[in-house]
Amino acid sequence: MSELPLHGIRVLDLSWIIAGPTATRFLASMGAEVIKVGSARRPDPSTRGPAFQAYNQSKLYASLNISTPEGLALVKQLIAVSDVVIENFAAGVIERLGLGYDVVRVARPDIIMLASSGTGHSGPHKDHVAYGSLLQHYTGWNSISGYPEREPVTGGLWADPWVGMELAMVTAAALNHRAVTGQGQYVDFSMAEALSASIPEAILDYQMNGRVKEPLGNRDDWYAPHGVYHCAGADRWVAIAVTSDAEWVSLCQLMQRPDLAADSLYGGAAGRRDHQDHLDAVITEWTMQHEDHVAMQLLQQAGVPSGPSQDILRVFNEPQLREAGYFTELHTNGGGLRDLPGLPWRLDGGPEPYLTEAPVLGQHNAYVYQEMLGLPALEVDRMIVDQIIY
Amino acid sequence: MPDGLLPGVRVLDVGQGISGPYCAKILAQMGAEVIKVEPPEGDSARRMGPFPGDSPHPEKSGLFLATNANKQGITLDLSSSDGAAAFRKLAAGADIVIENPPPDALEGHGLGYESLKNTNPGLVFTSITPFGNRGPYKDFKATDLVLYHMSGHAHGMLGAVKDPDSDPPIRAGGHQAELVGGMAAATATLMALYRKRMTGQGSRIDISSFEAMVTQLISGLANSAYGRPAPPRDLAKVEEAAIGGMVGAIGGILLCNDGYVAISPREDAQWERWLQVMGGPPWATDERYATRDARQRNSPSLWKLLSDWSINHSKHEIARMGQEQRVPCFPVNTVQDLLSDEHLAHRGFFVEMEHPVAGVLRYPGAAYRFSNSQLPLTERPAPMLGEHNREILDSLA
């Protein structure tokens, strides 16, 4: 039986809320031993509710009040036996806690330290108070998203999960580098820059054409028809993207509209784009006759890219995810048996990801302090009483 | 020359479009030596905009240029025996091969993982498709639009829905689902590369871009697992903010005299400071707005009061005044604002490269800086079609 890729790596997870815990969930599921450290003094806000069960799968959870001198000394001992440490406090907080990179690397010279904040750890706005939902506006990400000529969309849970995956990716890159050079790293990560880096089309369009990109709704600059069409039933929709002339002809055949396929007006993407209001109305006449999943099946059989626009509950019940083995049924702490999410990749013929239920605060104190650090049980008990292991 | 974190790692990027090439772009900016292998007619992304003057040109696609910087490029006809033989030689010395079929699956040319690993057992072979190689949709076609909607993200984009029966759920701009598929691929690939370093074992990695998008919403999936209903997508009907949602007292956008500002003074202390930013308005002590719960209940009338004030100020002015008072708020920026943003300029976020045909352009850089490694972000602009054929293919002969 082969080991998971990150077998033998230990990650000290000082992060909280969404982005950092998402990163360490990926690392833990791929074989790293992730020790989440938190304190009842200032609980992780995401501890509330089901979300915690997803964000913290596969981890160990130790309690530690690092704002006390003894707690700070203990966390340094943990750093000394870890390969990676990750934090996502506002810029400057970890230094004020006495755990800046200059301190951390004394405890462990080849440590890989990931520090993620809203706008990064340098520059005139590094101390700006940020939430992911606000950064989606600051970074231009929302400026190209939404209904044309209406006020900008708000929300969409995007920044934190994106950054979570990117932090896991960066960690894997740094581990490869360390494997060859023996060197650790301090990684200054900016959530804002992660989002701005994901809209290069609009940034280059502005430079090439002096054009400030506006939201296009569900339409595309080039492909047409390209939209989301009402199906039978309330709030049921199917997304259809015609990306070639051949797909257009197939769509016309499916809708039993050979007249449209034969019309030279619609023979190319540019012509279809010029008449997309009309074509959208024609397509809606057809989609309204079908349930959304039926429409997808018919369209896919005809070779047209398509799929239903679903809310999260329908995604949860999606046959594709169920049959592809995406969910794992897990006994949760206090929540009974639940189908919890997995990973978006498979190592074909390789080991299965390590997926367990999320821990509760302090669940692994004995392992972390007695087995790992070798502290006497009495000493651990004293620190519990003194609200250091707390 | 900065050598990044992956010096000496050799990558063959056989992908077209966005997801595969974006995965390879990440590895290139981390310092791997990436050879982009294009069919003789070129990567399909060369035909995707933006183009200068909206006039398509295979060397001027903004999307292609951004997604393929810092790679070398060759053309190979993999359906010919010469092309397949050359690819086989390159793959024998590669650490990583990345593909995103269709249209061009390596398997179909006898160049799939099973074949390549015979000569290169440590190879990491990464395949990205819309739904992966499993499940009932494994042969389905999907685009960015389709994946964004199927995965639940469009229902979470809270917009100004006027008529739920005629306003469909809405996608994000750009090609977010393709990028997430590519980033998931880079993440798994780098982990598998690490395993290869430790154990010598190769891997075949299968990526579903759909699952990658779904995995961005694991909190929502967990809510579903606990029997919670899906939140409504009409902003006006949302009573309780899901994580990340800017509704009610959590936050929102205000119209300014030059655009919008996004604010989120959600905690009581933040709210108190926000009132100071507004100069202590007379309604500040009104009990309808005294607590977070009260503000939540009365948010329509509250946002009206805030908007009456904000319309007299600019978005940057409000953002500056708010941040001075430690209130979470930011201007709703356009890409034009970004390119002149002093903070991004100070951090050197945008990088400039000169391309022989497309000219000098500023590209978004990386979201990360490493203390011990410089990233080769401006090593070379995206390759012209077949630019390195002679250099690379001659060395194989």
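Residues numbered from 1 in each chain as written. Chains lettered and ligands numbered in written order. Predicted model: local features only at pLDDT ≥ 70, side-chain atom pairs only at ≥ 80, totals over all residues. Heavy atoms only, no water.

Q: Talk me through the overall build of chain A; I want residue IDs and the actual numbers.
A: Along the backbone of chain A there are 18 helices and twelve strands. Reported as C-alpha extents along the three principal axes, the dimensions of chain A are approximately 85 × 50 × 40 Å. Residue burial in chain A is summarised as follows: out of 390 residues, 61% are buried. Sequence separation of at least 24 residues holds for 69% of the intrachain contacts in chain A that already meet a minimum separation of 6. (Helix = DSSP H or I, 4+ residues; strand = E, 2+ residues; numbered from the N terminus. Buried < 20%, exposed > 50% of the residue type's maximum accessible area, 1.4 Å probe, protein only. Contact = heavy atoms within 4.5 Å.)

Q: Residues and numbers for the overall build of chain B, please.
A: Each helix and strand in chain B was counted, giving 16 helices and twelve strands. Principal-axis analysis of the C-alpha atoms gives chain B an extent of 80 × 50 × 45 Å. Scored against the burial criterion, the 397 residues of chain B give a buried share of 62%. Once local pairs closer than 6 in sequence are excluded, the contacts in chain B between residues at least 24 apart make up 68%.

Q: I'd like a description of the interface of chain A and chain B, backed by residues and values.
A: Interface size is commonly expressed as the accessible area that is lost once the parts come together. Tallying the contact residues gives 148 residues for chain A and 148 residues for chain B. With both sides pooled, the region where chain A packs onto chain B buries about 13,100 Å², and carbon together with sulfur makes up 65% of that total. On the chain A side of the contact with chain B, Tyr-138, Glu-193 and Gln-320 of chain A bury the most area, a combined 6% of that side's loss. Counting every contact that joins chain A to chain B gives nine salt bridges. The closest approach of N and O atoms between Asp-348 of chain A and Arg-204 of chain B, which form a salt bridge, is 2.6 Å. In terms of residues, the side of chain A that touches chain B owes the most to one element, helix H7 (residues 159-181) of chain A, which gives 16 residues. Here the side of chain A that touches chain B is built from residues that sort into 77 nonpolar, 47 polar and 24 charged. With three bridges connecting them, strand S6 (residues 185-190) of chain A and strand S12 (residues 368-370) of chain B associate as antiparallel partners. Paired with Phe-189 of chain A across the strands is Tyr-368 of chain B, a residue of S12 of chain B. (Buried area = accessible area lost by both parts, 1.4 Å probe. Salt bridge = Lys/Arg side-chain N within 4 Å of Asp/Glu carboxyl O. Nonpolar A, V, L, I, M, F, W, Y, C, P; charged D, E, K, R; others polar. Pairing = 2+ DSSP bridges.)

Q: Kindly report on empty space enclosed by the protein, identifying the contributing residues and their values.
A: Scanning the model with the defined rule gives six cavities of 30 Å³ or more in all. The computed volume of the largest cavity comes to approximately 250 Å³. Taken together, 23 residues form the lining of the largest cavity, with Ala-197 of chain A together with Lys-25, Gln-29, Ala-66 and Pro-364 of chain B sitting closest to its centre. Elements that contribute at least two residues to the lining of the largest cavity include exactly helix H1 (19-29), helix H2 (62-67), strand S10 (350-355) and strand S11 (359-364) of chain B. Take the lining of the largest cavity: its biggest share by element is four residues, from H1 of chain B. Residue classes in the lining of the largest cavity are distributed as 17 nonpolar, four polar and two charged. (1 Å grid on protein atoms, 1.4 Å probe; cavity = no way out; pocket = protein on both sides within 12 Å on 5 of 7 lines; lining within 4 Å. Points joined across faces, edges and corners; volume = space filled by probe spheres on them.)

Q: Tell me what's going on with the pattern of salt bridges, and back it up with residues and numbers.
A: Tallying each qualifying case throughout the model produces 47 salt bridges over all chains. Arg-346 of chain A is paired through a salt bridge with Glu-211 of chain B; the nearest N and O atoms lie 3.0 Å apart. Of this pair, Arg-346 of chain A sits in strand S12 (residues 345-347) while Glu-211 of chain B is found in helix H8 (residues 209-215), placing the two residues in two different chains. Each of the two residues, Arg-346 of chain A as well as Glu-211 of chain B, counts as buried. Two residues, Arg-288 of chain B and Asp-286 of chain B, come together in a salt bridge whose shortest N-O distance is 3.0 Å. Residue classification places Asp-286 of chain B among the partly exposed positions, given a relative accessible area of 23%. Overlapping salt bridges bring together Arg-346 and Asp-348 of chain A together with Arg-134, Arg-204, Asp-206 and Glu-211 of chain B as one network.

Q: Give a description of the sheet that holds strand S7 (residues 252-256) of chain B that names residues and reports values.
A: Residues and elements named next belong to chain B. If you trace the three strands from one edge of the open sheet to the other, you get S7-S8-S9, paired in antiparallel fashion. Edge positions in the sheet fall to S7 and strand S9 (329-331), since each of these pairs with one other strand and no more. Across the sheet, the mean angle from the axis of one strand to that of its neighbour is 25°, orientation sign disregarded. Bridge count between strand S8 (residues 259-263) and S9: three bridges; the pairing is antiparallel. Residue pairing in the sheet places Ala-262 in a bridge with Phe-330 of S9. Relative to S7, helix H12 (residues 299-310) is tilted by about 35°, and along the sheet it contacts S7 and S8. (Axes fitted to C-alpha atoms, helices over the stretch in contact; angles between N-to-C directions.)

Q: Describe the packing of aromatic side chains, and please don't skip the residues or the numbers.
A: One pass over the full model with this rule turns up 20 aromatic pairs over all chains. Here Arg-322 of chain A stacks its cationic end above the ring of Phe-327 of chain A, 4.3 Å away from the centre of that ring. (Phe/Tyr/Trp six-rings, centres within 6.5 Å; stacked < 30°, edge-to-face > 60°. Lys NZ or Arg CZ within 6 Å of the ring centre and 35° of its normal.)

Q: Requested: an account of the environment of Leu-347 of chain A, with residues and values cited.
A: Position of Leu-347 of chain A among the secondary structure elements: in strand S12. Here Leu-347 of chain A falls in the buried class, since its relative accessible area comes to 9%. For Leu-347 of chain A and Pro-5 of chain A, which are 342 residues apart along the polypeptide, the C-alpha to C-alpha distance reads 9.8 Å. Those residues in contact with Leu-347 of chain A that sit more than four places away from it in its chain are Pro-5 and Met-30 of chain A together with Ser-203, Arg-204 and Ile-205 of chain B.

Q: Now, about the domain arrangement of chain A: what can you tell me, with residues and values included?
A: Partitioning chain A into structural domains gives domain 1 (10-198 + 323-385) and domain 2 (226-230 + 236-310). The straight-line distance from the C-alpha centre of domain 1 of chain A to that of domain 2 of chain A is 43 Å. (Domains from an automatic or database assignment.)

Q: Talk me through the sheet that holds strand S8 (residues 237-241) of chain A; I want residue IDs and the actual numbers.
A: All names here are of chain A. With antiparallel pairing, three strands are arranged side by side in an open sheet as S7-S8-S9. Looking along the sheet, the strands with just one partner apiece sit at the ends: strand S7 (226-230) and strand S9 (306-308). Strand-to-strand twist of the sheet, defined as the mean angle between neighbouring strand axes without regard to direction, takes the value 20°. Relative to S8, S7 runs antiparallel, the two being bridged by five bridges. Its bridge partner being in S8, Gly-227 is matched across the sheet by Ile-240. Where helix H14 (residues 292-301) meets the sheet, it contacts S8 and S9, and its direction lies at approximately 170° from that of S9.

Q: Tell me what's going on with the nonpolar core, and back it up with residues and numbers.
A: Grouped together as the largest cluster of nonpolar side chains are 151 residues, with contacts concentrated most on Trp-345 of chain A together with Met-30 and Tyr-368 of chain B. The element that contributes the greatest number of residues to this core is helix H7 (residues 176-199) of chain B, accounting for 13 residues. The residues contacting Met-30 of chain B, other than those within four sequence positions of it, are Met-169, Val-170 and Ala-173 of chain A together with Asp-3, Gly-4, Leu-5, Leu-6, Tyr-368, Phe-370, Leu-375 and Pro-376 of chain B. Counting 33 residues, the second-largest nonpolar core is a separate cluster that includes Leu-12, Ile-79, Phe-89 and Met-383 of chain A. (Core = buried A, V, L, I, M, F, W, Y, C linked by side-chain atoms within 4.5 Å.)

Q: Outline the packing of helix H10 (residues 268-277) of chain B against H12 of chain B, supporting the account with residue identities and numerical values.
A: Residues and elements named next belong to chain B. Contact geometry for H10 and H12: axes closest at 12 Å, N-to-C directions at 35°. In contact with Trp-271, Trp-274 and Val-277 of H10, H12 contributes Leu-302, Leu-306 and Trp-309. Class assignment of the residues belonging to the contact of H10 with H12 gives a composition of six nonpolar, no polar and no charged.

Q: I'd like a description of the side chain of Ser-209 of chain B, backed by residues and values.
A: Relative to the elements of secondary structure, Ser-209 of chain B occurs in helix H8. Look past the residues within four positions of Ser-209 of chain B in its chain and what remains in contact with it is Ile-128, Thr-129, Pro-130, Leu-147, Ala-177 and Gly-181 of chain B.

Q: Lay out H7 of chain A with the relevant residues and their values.
A: All names here are of chain A. Taking 1.5 Å of rise per residue, the 23 residues of H7 would be expected to cover 33 Å, and the 32 Å separating its terminal C-alpha atoms lies within 8% of that figure. Counting buried residues along H7, 20 of its 23 residues qualify, which places the element largely inside the surrounding structure. Positive backbone phi, at 80°, marks Gly-182, one or two positions downstream of H7. (Expected span 1.5 Å × (residues − 1).)

Q: Can you tell me about the side chain of Asn-68 of chain B, naming the residues and giving the values?
A: Residues and elements named next belong to chain B. Within the element layout of this structure, Asn-68 appears in the loop between H2 and strand S3 (72-75). Within the structure, Asn-68 has its side chain in polar contact with the side chain of Lys-71 (distance 2.9 Å). Excluding its chain neighbours within four sequence positions, the residues that come into contact with Asn-68 are Asp-13, Pro-21, Lys-36, Asp-43, Ala-382 and Pro-383. (Polar contact = N/O pair within 3.5 Å; in protein donor to acceptor, adjacent residues only side chain to side chain.)

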